[in-house]
Amino acid sequence: MELLMEFEIKGGDFLNAGESSGVIKEYLKKLGLPPAFIRRVLIAAYEGELNVVAHAYSGTIAFYMDETKVKVVVRDKGPGIPDIDKAMEEGYSTASPEVREMGFGAGMGLPNMKRNSDEMEIVSEIDKGTEVTMIFTIEKG
């Protein structure tokens, strides 16, 4: 699978949150992929990007693609996730009060990423960071 794009993400940069996933969306639209497929990739990529902004010091979002699949890998340098099963529960959040006041941190990021991807894997190390890999099978038609 070929790496097509990689973006740097800064922790706390809510002003630019969503730019990377927007570029990915436009790329997929130019390829003429079905809108429902693009929407799933966009939602998952955006949620991943926002998780880096809200919870980590910095990170990257990488976009890979071949004829049959899209892969989005979100890596961050941050506190890590102590309990991945708990973090996957809808509504569970470790977002700061400041992040919540901005309207983020509702605890739907990881669940939305899983719901919209065909496969998802989370690897996290405390005080190091987290890597989330999502695979989307390209729908024809």
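Throughout what follows, the structure given in this document is the object of discussion. Keep in mind the model is a prediction, meaning the values are calculated, not measured.

A word on the packing of helix 2 (residues 35–55) against helix 5 (residues 109–116)
Working step 1: Viewed as axis vectors pointing N to C, helix 2 and helix 5 meet at an angle of 155°, and their least axial separation amounts to 8 Å. One way to sum up the angle between helix 2 and helix 5 is to call them roughly antiparallel. In terms of crossing hand, the pair formed by helix 2 and helix 5 is left-handed. On the side of helix 2, the interface is formed by R40, I43, A44, E47, G48 and N51, while helix 5 contributes G109, L110, N112, M113 and N116.
Working step 2: Looking at the contact of helix 2 with helix 5, its residues break down into four nonpolar, five polar and two charged.

What about the environment of K30?
Working step 1: Note on placement: K30 falls in helix 1 (residues 19–30).
Working step 2: Along the sequence, K30 and E121 sit 91 residues apart, while their C-alpha atoms lie 28 Å from each other.

Regarding the side chain of R40
Working step 1: Mapped onto the elements of the fold, R40 is located in helix 2.
Working step 2: Among the residues examined, R40 registers a relative accessible area of 16% and is labelled buried.

Things to note about the nonpolar core
In globular proteins that are soluble, nonpolar side chains generally tend to be buried together.
Working step 1: In this structure, L28, V70, V72 and M134 are the most contacted members of the largest nonpolar core, which totals 35 residues.
Working step 2: Breaking this core down by element, the ones donating at least two residues are strand 1 (2–10), helix 1, helix 2, strand 2 (58–65), strand 3 (69–77), helix 5, strand 4 (119–125) and strand 5 (129–137).
Working step 3: When residues in this core are grouped by element, the largest group, eight residues, is from helix 2.

So, the environment of G22
Working step 1: Position of G22 among the secondary structure elements: in helix 1.
Working step 2: With 20 residues separating them in the primary sequence, G22 and L42 have C-alpha atoms 7.3 Å apart.

Thresholds applied
- Residues numbered from 1 in each chain as written.
- Predicted model: local features only at pLDDT ≥ 70, side-chain atom pairs only at ≥ 80, totals over all residues.
- Heavy atoms only, no water.
- Axes fitted to C-alpha atoms, helices over the stretch in contact; angles between N-to-C directions.
- Helix = DSSP H or I, 4+ residues; strand = E, 2+ residues; numbered from the N terminus.
- Parallel < 35°, antiparallel > 145°, perpendicular 65-115°, else oblique.
- Left-handed = near helix turned anticlockwise from the far one by under 90°.
- Contact = heavy atoms within 4.5 Å.
- Nonpolar A, V, L, I, M, F, W, Y, C, P; charged D, E, K, R; others polar.
- Buried < 20%, exposed > 50% of the residue type's maximum accessible area, 1.4 Å probe, protein only.
- Core = buried A, V, L, I, M, F, W, Y, C linked by side-chain atoms within 4.5 Å.

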